[in-house]
Amino acid sequence: MEMTLTMGRTLLKIFSRDRQAIFFTLFFPITFMVIFGIASTGADDPIEIGIVDNAANQFSARFIETLESRELFDVNVGAEEELRARVVDGDLALALILPERFDGSDTADLTMLVDAAQVRQSAMLTPLVEQALLDVERELRGIEPLFPLSVVDVQARSQRYIDFLVPGLLALTIMQISVAGSGFNIVEYRRKGILKRLFVTPIRSGQFIGGLVLSRLLITVIQVSVLLAVAVVLLDVPVEGNVLELLALIVLGSSIFLSLGFWMGSLAKTQQAIMLLGNLITLPQMFLSGVFFSIEAMPELLQPIAKLLPLSFVVSSVREVILDGTSIAEQIPTLIGLLAWLAIGLTLAIRFFRWKEVAT
Amino acid sequence: MPIVEAKALVKRYPKPGSKKEHFLAVDGVSLAIEPGEVFGILGPNGAGKTTTLEMIEGLTDIDSGEAFVDGISVIRDPNKVKEIIGVQLQDNEYFDHLTLADLLRLFSRLFRRDDDPKVLLGRVSLEDKAEAKPAALSGGQKQRFSIACALVNEPRVLFLDEPTTGLDPQAKRNLWKLVENLNSAGMTVVLTTHNMEEAEHLCDRIAIMDHGKIIAEGSPQDLIMQHAPEPPEARLHGNLEDVFLKLTGHALRE
């Protein structure tokens, strides 16, 4: 134990003096968070639409007012020629031409100018315009809607993209600094002959691994806590669940990736090999594990595989605890997944990390 | 009783580019080194010097044969052997961001000791470099620091693998002096080298190795007497380099 602590303390000292490593492991996730945080706090840009008001009466004014009152639209009133040109330029999403007889006395046809190349956008906008027309019509005819729809948010709070993203980024950071901490470091220590030098002292492999794991776990917990603090303070991301449970998840997730890193570090003999192997294992998870978008949004075929990746279990458990306050005890399938990956990681690490072979 | 004893050590490595064929890097090497000796293993590159040393240190598995340090079997009790030997490896680096004092403190603790790094650095004349990083040291200083690291456990036997390779004459002489001092205080030293002058100057006894085998063994004087070419082939008088070249041939090694 004493040797393990000596090794752990030394590795912590090395890390605390490695300003570059500290900077880069925090810089990327913080930059990501801040950029997405700013992007998702601003309201959506309104859609630019044009109206050619040939009627110029109180009804047309009322109609324009209704559209303008919806924050979704930014209404430009003008002449047909000018607005048509702006639709062609892509400056306006559509232009509506109100007929001269727009007074409710009779059916009047409206014309909508759209860019057919933007079929999707027009398909989305048409119902909105129709809805505005319907509202004006109801008002003119003095009738109430037969089926008024009221929307209730079951989440009972609004979820911004940044709220979704932050737990994913935390999990991603856990994976990256853990794999680097064991895998990349081992290859580096071997290249420098440090492992060989340690091997001729009485320290045992278990004590060396123990020291490295302890120091990396502490480093991961501190770094992830800093990220979480930035998210809470700067970006107002809510933490609904128990912070101690979150810590336990960080330690569990980090242990999985540390052990996978030990395995990779034992297989790879050179820096290039560990870079390749590390990327081969971490990059697909970065995109398939629901860090940036939900796994449910992916092609059906990929989903079952994606859900079984180790990072997916870490992402989903961290996200549940942070956003929904769901205790780990209530996430049994995810917990089983995490423990299974820990078992796989440890087995691979123990099977492949042979002190003498890795050191020399 | 010898303090270091090797009996018919063998190490096989796969032949480069072939999976089935093997070659013998060390082919039946036996050594008996007495306490207080400075023992040199000489040989051209690839002769098996480092492999022999690493088998005795417990760094490399012994394929067949046996090795003992102070009567302890390296095969059965490698950790006990590590406690009583000091090892200086061929050009190894250290952890980044740690000073010489930090590193010595670490190595010291790994032997469950708590020695003052300053004292160790003083023994190798690096006391003013306690707060320097290894990367900032000159070649000779690096080698002296390596030896300081190997001294943390007050070893009975000190193993030095090509300690003066790449050093300038001043640094080389300085390192010889250090080895002589350690030896005169009673430490057994086993070193590899391909520097004849070094072997002649430092070693009480020498084993010359080539192709994994010991081809001659004895004191430098004995070897010169036995193997130095007769005049007029030799210059004024034979020296150890003549012996070496006569025994291992003149062909260049990689």
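Read on for an overview of the structure.

Cut-offs used in this document
Residues numbered from 1 in each chain as written. Chains lettered and ligands numbered in written order. Predicted model: local features only at pLDDT ≥ 70, side-chain atom pairs only at ≥ 80, totals over all residues. Helix = DSSP H or I, 4+ residues; strand = E, 2+ residues; numbered from the N terminus. Rg over C-alpha atoms; globule rule 2.2 N^0.38 Å. Buried ≥ 20, exposed ≤ 12 C-beta atoms within 10 Å, placed from the backbone. Contact = placed C-beta atoms within 7 Å. Expected span 1.5 Å × (residues − 1). Nonpolar A, V, L, I, M, F, W, Y, C, P; charged D, E, K, R; others polar. Core = buried A, V, L, I, M, F, W, Y, C linked by C-beta atoms within 7 Å. Axes fitted to C-alpha atoms, helices over the stretch in contact; angles between N-to-C directions. Parallel < 35°, antiparallel > 145°, perpendicular 65-115°, else oblique. Left-handed = near helix turned anticlockwise from the far one by under 90°. Pairing = 2+ DSSP bridges. Arc of directions from axis to C-beta.

### Side note on the overall build of chain A
Alright, step 1. Helix and strand counts for chain A stand at 14 helices and four strands.
Alright, step 2. For chain A, the C-alpha radius of gyration of 29 Å lies well beyond 21 Å, the compact-globule estimate for 360 residues.
Alright, step 3. In terms of overall dimensions, chain A has C-alpha extents of about 100 × 40 × 40 Å along its principal axes.
Alright, step 4. By residue count, 36% of the 360 residues in chain A fall in the buried class.
Alright, step 5. Taking contacts inside chain A between residues at least 6 apart in sequence as the whole, the part at least 24 apart equals 80%.

### Considering helix α12 (residues 310-324) of chain A
Residue and element names in this part refer to chain A.
Alright, step 1. The end-to-end C-alpha distance of α12, which contains 15 residues, comes to 21 Å, matching closely the 21 Å that a straight helix rising 1.5 Å per residue would cover.
Alright, step 2. Of all 15 residues making up α12, 14 are buried, and the element is well covered by its neighbours.
Alright, step 3. G325 sits one or two positions beyond α12 and adopts a positive phi of about 70°.

### Thoughts on the interface of chain A and chain B
Alright, step 1. With 17 residues of chain A in contact, the opposing surface of chain B contributes 20 residues.
Alright, step 2. For the side of chain A that touches chain B, the elements supplying multiple residues, two or more each, are α1 (2-17) and α7 (194-199) of chain A.
Alright, step 3. Of all the elements, α1 of chain A adds the most residues to the side of chain A that touches chain B, at five residues.
Alright, step 4. Partitioned by chemical class, the residues of the side of chain A that touches chain B number seven nonpolar, five polar and five charged.

### Considerations on the nonpolar core
Alright, step 1. Grouped together as the largest cluster of nonpolar side chains are 130 residues, with contacts concentrated most on A171 of chain A together with A148 of chain B.
Alright, step 2. Among the elements that take part in this core, helix α6 (residues 161-191) of chain A stands out by supplying 15 residues, more than any other.
Alright, step 3. Ignoring sequence-local partners within four residues, the contact set of A148 of chain B consists of L104, L120, L121, R123, V124 and L126 of chain B.
Alright, step 4. One finds I51, L67, L83 and V136 of chain A within the second-largest nonpolar core, a separate group that totals 17 residues.

### Here's the deal with the packing of α6 of chain A against helix α8 (residues 205-235) of chain A
All names here are of chain A.
Alright, step 1. The interhelical angle for the contact between α6 and α8, taken along N-to-C directions, is 160°, at an axis separation of 10 Å. The orientation of α6 relative to α8 falls into the category roughly antiparallel. In the crossing of α6 with α8, the sense of the turn from one axis to the other is right-handed. Contacts between α6 and α8 involve I162, V166, L170, T173, I174, I177, S178, G181 and S182 from the former and L212, R216, I219, T220, Q223, V224, L227, L228, A231 and L235 from the latter.
Alright, step 2. A breakdown of the residues in the contact of α6 with α8 according to their chemical character gives 12 nonpolar, six polar and one charged.

### Some remarks on the sheet that holds strand β2 (residues 73-77) of chain A
Residues and elements named next belong to chain A.
Alright, step 1. With mixed pairing, four strands are arranged side by side in an open sheet as β2-β1-β3-β4. Unpaired on one side and paired on the other, β2 and β4 (111-114) mark the two borders of the sheet. Across the sheet, the axes of successive neighbouring strands diverge by a mean angle of 25°, strand direction being ignored.
Alright, step 2. Of the pairings in the sheet, the one linking strand β1 (residues 47-53) to β2 comprises five bridges and is parallel in character.

### Structural notes on the sheet that holds strand β4 (residues 64-69) of chain B
All names here are of chain B.
Alright, step 1. Pairing in this open sheet of four strands is antiparallel, and the strands run β2-β1-β4-β5 from one edge to the other. Taken across any chain shown, the strands that pair with only one partner, and hence form the sheet edges, are β2 (22-33) and β5 (72-73).
Alright, step 2. As paired strands, β4 and β5 are joined by two bridges and run antiparallel to one another. Each bridged residue has a counterpart across the sheet, and for V69 the counterpart in β5 is I72.
Alright, step 3. Packing of helix α1 (residues 49-57) onto the sheet brings it into contact with β1 (4-14), β2 and β4, and relative to β1 it is tilted by some 120°.

### Observations regarding the pairing of strand β3 (residues 38-42) of chain B
Residues and elements named next belong to chain B.
Alright, step 1. Of all five residues that make up β3, five are buried, and the element is covered over most of its length.
Alright, step 2. Judged by which residues are buried, β3 turns out to be covered on both faces: V38, G40 and L42 on one side and F39 and I41 on the other are all buried.
Alright, step 3. Here β3 pairs with strand β8 (residues 188-193) via five bridges, running parallel. Residue pairing in the sheet places I41 in a bridge with T192 of β8.

### Observations concerning the packing of α6 of chain A against α12 of chain A
All names here are of chain A.
Alright, step 1. The interhelical angle for the contact between α6 and α12, taken along N-to-C directions, is 135°, at an axis separation of 9 Å. Considering their axes alone, α6 and α12 lie oblique with respect to each other. Where α6 crosses over α12, the two elements pack in a sense that is right-handed. Across the interface between the two elements, D163, P167, G168, L170, A171, I174 and M175 from α6 touch L311, V314, V315, V318, R319, I322 and L323 from α12.
Alright, step 2. Across the contact of α6 with α12, the residue classes tally to 11 nonpolar, one polar and two charged.

### Regarding helix α13 (residues 332-352) of chain A
Residue and element names in this part refer to chain A.
Alright, step 1. With 21 residues, α13 ought to run about 30 Å at 1.5 Å a step, and its terminal C-alpha atoms sit 30 Å apart, in line with that.
Alright, step 2. Listed as buried for α13 are T334, G337, L338, W341, G345 and A349. Seen from one end, α13 has its buried residues packed into an arc of 95°, which puts them on one side. Turned more than 90 degrees away from the buried face of α13 sit I332, P333, I336, A343, T347 and R351, all of them exposed.
Alright, step 3. Packing partners of the buried residues in α13 comprise α9 (243-267) and α12.

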